[in-house]
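Working through the structure, step by step
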Amino acid sequence: MNRRQLGALGLFFLLFQISGWANNSQALTDSIQRIHLWLSKHKLETPEGTAWVVAPADTGMARSSLDLYSGSPGVVLFYLEAHHALGKAEYLEEAKAGANYLLAKMPTQLFDLDRSGAAGLYSGLSGIAFTLREAYKATKDERYNQAFERALKLLINNAETRGEITHWGMVTDIISGNAGIGLFLLYAYRETKNFTWLELAANVGNWLSLQSVRVTAEQWKWRMWPGFERTMPNFSHGTAGVAFFQAELFKILEEGRYLRPALNGARYLQAIKKPDGLICHHEEGDGKDLFYLGYCHGPVGTARLYYTLYTSYKKQRKIWQKAWDEAVAATMNTSIPKQRTPGFWNNVSQCCGNAGVAEFYLTVFKMSKKKKYREYAWLHTQDLLKHSTADAQGLRWIQAENRSQPDNLQAQSGYMQGAAGIGMLLCHWIELEKGQAQLIRFPDDPFRGI
């Protein structure tokens, strides 16, 4: 890159730093295009369609993946959102090429015991099927919808069902386990109005209730699977995520057998939270003093449970609205992003970092219209842009996915830990400025319609 190009990039990011959230459409649009440029340099084009390399800087063979967490489905969803926000035909073409690849590579069988997360929302078939349904809605290509329906049949055929109990393997959580699969089934019900998927989701809720650890009669918690050595209370792998799924079931079915685990999980979380509203990463050993702040193990994720309870259970609306308000305040009352903490390390992603925090507070702003939430979301957006790498290759983020491996730095392409997820956030800012609703709503997102 020559000196003139470097100077232009420096001016580009200076504008982001000194300006407010408004009037940044062009800069945001340019950022999305630069993400596209970087992704385009790391495509794996095949006769069936396009995949994207998960971590292009990795040594050895270029590796792609079919999981929604870090693989090509997240890139497809980014391009669908980018086309929705900006209307550029090339973005829709990229999404279609990626969807074609998913169509060709979609699993035709699952493992009997789902220990690898083969059916999971962020790890397997459920995430692929969700992506293909969203591609169908954007393109009206019936092949994608047919694949979505085949995936649902495959889930049924590989479920372990006894009476009113259904599950896939023994993992309970949102990311790869039964709570996430259940949320996908609720998404399928909302999309198709087919009660088969609602009934199956309800059966998953019944199984999850049986897996709870009864701390007291009114406080339940869940491990990632029975016997797992750590108890993680928050959203991705623990109590908040499982109880959230139960609350979403109750919101539709209004049956006490789903309200009870949702309330008992929420009560347990309220019992162990600190005065500042934070809940520990895990309950054993040094985990008691470790507090994450984002989607995966922090208030940004766990608040979703309280939101669903206070909007669906009118009898205790004030109790759970207070819990929601406290969770909303918890991350804002910390030092981030100005000063990072052990639970908010060198990571700007949707899962663990700035992007997920910004997404959450952008949503809270849309609900409340309170400027402080928009400003806080913009503060995190500016911070993640400052942490980017921009050059002739495009725009990406070199970061540590795992807190316990701070020296393992890489730029990823996918949704939860990469450029696609950050790009979706930038699309949402543009949509806000246009007065346009965002396109993609994930199955674990309770803010539909906002």
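For clarity, every value in this text was computed on a predicted model and none was experimentally measured.

Some remarks on the overall build of the protein chain
Within the protein chain one finds 15 helices and 10 strands. The C-alpha atoms of the protein chain give 21 Å as radius of gyration, which agrees with the globular expectation for 450 residues (22 Å, within 12%). Seen through its principal axes, the protein chain has C-alpha atoms that stretch 65 × 50 × 40 Å. Put simply, the protein chain has 450 residues, and 59% of those count as buried. Element-wise, carbon and sulfur atoms account for 50% of the exposed surface of the protein chain, whose accessible area totals about 17900 Å². The averaged location of the 42 negative side-chain charges in the protein chain is 5 Å from the averaged location of its 50 positive side-chain charges.

Looking at the nonpolar core
The nonpolar side chains of a soluble globular protein tend to be buried with one another. Judged by nonpolar contacts, the single largest core of 141 residues is most densely connected at Phe78, Tyr122, Leu185, Tyr306 and Trp324. By residue number, the principal contributor to this core is helix H15 (residues 419-434), which donates 10 residues. Beyond its immediate sequence surroundings of up to four residues, Tyr122 is in contact with Asp67, Leu68, Tyr69, Ile174, Ile175, Tyr295, Met416, Phe442 and Asp444.

Structural notes on helix H11 (residues 299-312)
Its 14 residues give H11 an end-to-end C-alpha distance of 20 Å, which sits within 8% of 20 Å, the value for a rise of 1.5 Å per residue. In terms of burial, H11 is largely enclosed, as 13 of its 14 residues are buried.

Examining the environment of Lys43
Structurally, the position occupied by Lys43 is in strand E1 (residues 43-45). Here Lys43 falls in the partly exposed class, since its relative accessible area comes to 24%. Along the primary structure Lys43 and Ser72 are separated by 29 residues, whereas in three dimensions their C-alpha atoms are 9.8 Å apart. Once you skip the residues sitting within four places of it in the chain, Lys43 turns out to touch Thr50, Ala51, Trp52 and Glu94. Polar contacts involving the side chain of Lys43 include one to the side chain of Glu94, which spans 3.2 Å.

Quick look at helix H7 (residues 178-192)
Taking 1.5 Å of rise per residue, 15 residues should cover 21 Å, and H7 covers 21 Å from first to last C-alpha, within 8% of that figure. For H7, the tally of buried residues reaches 12 of 15 residues, placing the bulk of the element in the interior. Along H7, the residues classified as buried are Asn178, Ala179, Gly180, Ile181, Gly182, Leu183, Phe184, Leu185, Leu186, Tyr187, Ala188 and Tyr189. Residues of H7 that are buried make contact with helix H5 (125-139), helix H6 (142-158), strand E4 (165-167), helix H8 (195-210) and helix H9 (239-253). The first or second residue beyond H7 is Lys193, which carries a positive phi of 60 degrees.

Re the packing of aromatic side chains
Tallying each qualifying case throughout the model produces 29 aromatic pairs. Ring geometry for Tyr361 against Tyr376: centres 5.0 Å apart, planes inclined by 90 degrees, an arrangement best described as edge-to-face. Separated by 15 residues along the polypeptide, Tyr361 in helix H13 (residues 354-368) and Tyr376 in helix H14 (residues 371-386) bring together distant segments of the chain. The class of Tyr361 is buried, set by a relative accessible area of 0%. Among the aromatic side chains, those forming a connected cluster through ring pairs are Tyr307, Tyr310, Trp324, Phe360, Tyr361, Tyr373, Tyr376 and Phe447. Taking the ring centre of Tyr136 as reference, the NZ or CZ of Lys140 above it sits at 5.6 Å.

Focus: the environment of Gly423
Residue placement: Gly423 occurs in helix H15. Separated by 41 residues in sequence, Gly423 and Gln382 place their C-alpha atoms 13 Å apart.

A few points about the environment of Asp391
Note on placement: Asp391 falls in strand E7 (residues 389-391). We classify Asp391 as partly exposed; its relative accessible area is 22%. Separated by 226 residues in the primary sequence, Asp391 and Ile165 place their C-alpha atoms 53 Å from one another. Within the local environment of Asp391, its side chain forms a polar contact with the backbone nitrogen of Gln393, the two atoms lying 2.8 Å apart.

Re the packing of H11 against helix H12 (residues 317-332)
Put simply, H11 and H12 touch, their axes get as near as 8 Å, and they point 160 degrees apart. Taken together, the axes of H11 and H12 are roughly antiparallel relative to one another. Where H11 crosses over H12, the two elements pack in a sense that is left-handed. Of the residues in H12, those touching H11 at Pro299, Val300, Ala303, Tyr306, Tyr307, Leu309, Tyr310 and Thr311 are Arg317, Trp320, Gln321, Ala323, Trp324, Ala327, Ala330 and Thr331. Taken together, the residues of the contact of H11 with H12 break down into 12 nonpolar, 3 polar and 1 charged.

A look at the pairing of strand E5 (residues 213-216)
Here E5 pairs with strand E6 (residues 219-221) via 3 bridges, running antiparallel. Paired with Arg214 across the bridge in E6 is Trp220. Between E5 and the antiparallel strand that follows it, E6, lie 2 residues.

Cut-off values and rules
Residues numbered from 1 in each chain as written. Predicted model: local features only at pLDDT ≥ 70, side-chain atom pairs only at ≥ 80, totals over all residues. Heavy atoms only, no water. Helix = DSSP H or I, 4+ residues; strand = E, 2+ residues; numbered from the N terminus. Rg over C-alpha atoms; globule rule 2.2 N^0.38 Å. Buried < 20%, exposed > 50% of the residue type's maximum accessible area, 1.4 Å probe, protein only. Areas by Shrake-Rupley, 256 points an atom, 1.4 Å probe, with all protein chains shown as cover. Lys, Arg positive; Asp, Glu negative; His and termini not counted. Charge placed at Lys NZ, Arg CZ, Asp CG, Glu CD. Core = buried A, V, L, I, M, F, W, Y, C linked by side-chain atoms within 4.5 Å. Contact = heavy atoms within 4.5 Å. Expected span 1.5 Å × (residues − 1). Polar contact = N/O pair within 3.5 Å; in protein donor to acceptor, adjacent residues only side chain to side chain. Phe/Tyr/Trp six-rings, centres within 6.5 Å; stacked < 30°, edge-to-face > 60°. Lys NZ or Arg CZ within 6 Å of the ring centre and 35° of its normal. Axes fitted to C-alpha atoms, helices over the stretch in contact; angles between N-to-C directions. Parallel < 35°, antiparallel > 145°, perpendicular 65-115°, else oblique. Left-handed = near helix turned anticlockwise from the far one by under 90°. Nonpolar A, V, L, I, M, F, W, Y, C, P; charged D, E, K, R; others polar. Pairing = 2+ DSSP bridges.

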